Every structure is written in structure tokens, then in C-alpha cells.
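Geometric and topological summary
If you want the building blocks of each chain, they are given just below.
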Amino acid sequence: MKNGIKMQSEAKMMKTNIWLNGMMGLIVGDALGVPVQFMDRTEIRNRAQGPVTGMEAGGVYQMPEGTWSDDSSMALATLESLLEKKEADPLDIMQRFVKWDQEGEYTPFGRAFDQGITCSNAIYQFIKNPDIRTCGAIGEHANGNGALMRILPVCLYYYDKQKLVCTSEDEAIEGIHSISGLTHNHLRSKMCCGIYYFCVKSIIEGTRKTTVLPLEVLLQEGMDHGRKYYRQDIRNLTEMAHLERLYHLSEFSGTSEDKIKTTGYVIDSFEAAIWCLITTDSYKECMLKAVNLGDDTDTVAAIAGGLAGLYYGYEAIPQEWLAVIKRKEWIEDLCRQAEIEF
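So, here is what we can say about the structure in this document. (Residues numbered from 1 in each chain as written. Predicted model: local features only at pLDDT ≥ 70, side-chain atom pairs only at ≥ 80, totals over all residues. Heavy atoms only, no water.)

Summing up its helical and strand segments, the protein chain has 17 helices and two strands in all. Its C-alpha atoms give the protein chain a radius of gyration of 18 Å, near enough to 20 Å, the size a compact globule of 342 residues would have. Dimensions of the protein chain, computed from the C-alpha atoms along their principal axes, are close to 50 × 45 × 40 Å. Counting over 342 residues, the protein chain shows a buried share of 62%. Looking at the protein chain alone, contacts between residues at least 24 apart form 76% of all its contacts between residues at least 6 apart. Only carbon and sulfur atoms are counted for the fraction: they give 50% of the accessible area of the protein chain, which is about 13,700 Å². (Helix = DSSP H or I, 4+ residues; strand = E, 2+ residues; numbered from the N terminus. Rg over C-alpha atoms; globule rule 2.2 N^0.38 Å. Buried < 20%, exposed > 50% of the residue type's maximum accessible area, 1.4 Å probe, protein only. Contact = heavy atoms within 4.5 Å. Areas by Shrake-Rupley, 256 points an atom, 1.4 Å probe, with all protein chains shown as cover.)

Quick look at the structure:
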């Protein structure tokens, strides 16, 4: 049964590391998608080896298997900033993005690759004029997925902060918007990051109950909460209309594959990620579905992978995929530090 109810023991719930679950879910999805990035779904299906079934090498950038890209690099830069600053500091995060782009920090091999145009433009703008309020693009045509793909650690940070010190939703969303806005400063992109936060929160809280509801139900709760939050401000209503297909997931789950787009547009990527989550029953199945949709494969899988990792857990990620992830020990150490710190 798709996304059926599952049971968890109290002992297992106590051991859950949301940072390890989410971050490794994101990074493994990213790495799975790198070798087929920019290929459309028909090309992938018609390859000599057929659709993706596991980690591969090659692709446009000719990388070894288990290599992650800009999605993970920017998320890891954000995570390390959170750990070192003990807060969500947009200036420090942006400075780390510069180190990633210019010096190869937070990369598998000491060299940045696959930088998105909007992210790169924001970094170059910041280098020329280090003002975090103006470096991010504000135009409607700059609504790529480059903020949504890296926002997970910020969502986890604010979830933990809300739980521990009663941070308000307004403060959490304001923080998420400010860090989204470092590169993508249009309300549509920031709103997608905010709704992603509500989905993260719903999944974490839902999986800590003895009876865990289907993923589609938890995501619907997150969508409903996000929709309610943004509807409080009438200025958000026009932008909310762009997310209309995600407000009724039971209907959206019946959408045919040919109606799912996997471009770099933030709405397309968010829709594709959610569609993969609600039409599959495991982390593995979700990730393979995401990358075999083609086009922006690494980012769609990263966005879906963060949520799938939170729901299914680190143990559900195939061991053979984890084994080849570059700098795996360093990444997992950061996640364990975050679990202790936050």
C-alpha cells in the first residue's frame, strides 16, 4: 500500500538523528542524479544501460560515482556555518558560499562545479558589494531552484530552535526567507522554502509518534500549515496561486508523469519532488523515480531526498549508495555534531 501506516518502537525514535536522516537523504539523492543531469527522461530510458538503478559514474562532468554537486555543497556550507556560529547568520553563510565557489570549499574534490547562474550571479554581486540585502536576485525570472535545494539545514535548525526555545513561526520564516534571499530574493522562491519548512516540521513530528501516518498525509499537513501561514498576508495570495497543484495532494498524486516537469524553475522542481514522494513507498524507489524523470535530476532528487530521508530514516538509504558517497565520514560527523548542538 502506497505510503502505508508504519509502527516505530520508542527506542528507535529516541535514536533518530534528524540531521543525519535529512542531510544524507539530500546528498545521496544529489549524487544519484549527477550522472544523468541534463538528459531528458526519454534519453535516460533509451540508454544502453537503461534507466538509473543505482549509483553511476560519468555524466556531463565525468565524475566518479558518489559525487555530489552544488546542491550538497551549499547545504553543507550552511550546516557548517550553523554549527560554528550557533545561529543562522546570513552574512557568514554567504561568505562560505564565496569560499565554495572561489576556493572549492565544501566540495568532493576541492573544486566547485555545476554552479547555477542565479547563485553565481549573487556570489559575484556579493564579492563586488558585500551587502546581503541586495546580492540575491529579485526578478520573477530568477525563480530557480537554487535556494530550495540548499534550505534543509536551515529548516532543521529552526525546527530545533522552535522546539527548544519557543521560537515563533514568524521568526523561523523570516530567517528562512533571509537565507533563501541570499541568492533567490523573489517572494515565490522564498515561499517555496517556507512551505518546505512546514513539510519538514510535519514529517519530523509525525515520525516521532508511535503510529506513523502515510507520507502523503504528513506532507498534506505541512502544505496546509504553510498555506494557512502565508494566507495571513493578502500580499502573498498572487504568489500562492503558483503552488496550487500542491495544495491537494490526493489529487496531485494521480497526475500523469507527462504532466510533471523537471526544469530548474522552483515550482517545477518542488512539484516533481513532492510527486515522487507521494507516489512511492521507499527512499530508494523515490530517488530512482526522481532521477529517471530527467533534466535537473540532481536537484529534484536532492529536494525530495531531504524529505524522504526524514521520513524513512538513514537506515532506509541503500548501503551500497552510502558506501560510495565522497567525504562521507566528514558529512556524517557534521550531522552528529548538529544533533548534539541543536
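Before going further, it helps to examine the side chain of Thr-280. Its location among the elements puts Thr-280 in the loop between helix 13 (266-278) and helix 14 (283-291). One polar contact links the side chain of Thr-280 to the main-chain carbonyl oxygen of Cys-276, over a distance of 2.6 Å. (Polar contact = N/O pair within 3.5 Å; in protein donor to acceptor, adjacent residues only side chain to side chain.)

Taken as a whole, this structure holds ten aromatic pairs when the rule is applied. A ring pair is formed by Tyr-61 and Phe-113, whose centres lie 5.1 Å apart and whose planes are at 55 degrees; its orientation type is tilted. A residue pair is termed long-range when its members are at least 10 positions apart, and Tyr-61 in the loop between helix 3 (41-45) and helix 4 (70-85) and Phe-113 in the loop between helix 5 (90-103) and helix 6 (117-128) qualify at 52 residues. Every member of this aromatic cluster is reached through a ring pair, and the members are Trp-19, Tyr-157, Tyr-158 and Phe-342. It is Arg-227 that lies over the ring of Tyr-247; its NZ or CZ is 4.5 Å from the centre. Cation over ring: Lys-289 sits above Trp-275, and NZ or CZ is 4.4 Å from the ring centre. (Phe/Tyr/Trp six-rings, centres within 6.5 Å; stacked < 30°, edge-to-face > 60°. Lys NZ or Arg CZ within 6 Å of the ring centre and 35° of its normal.)

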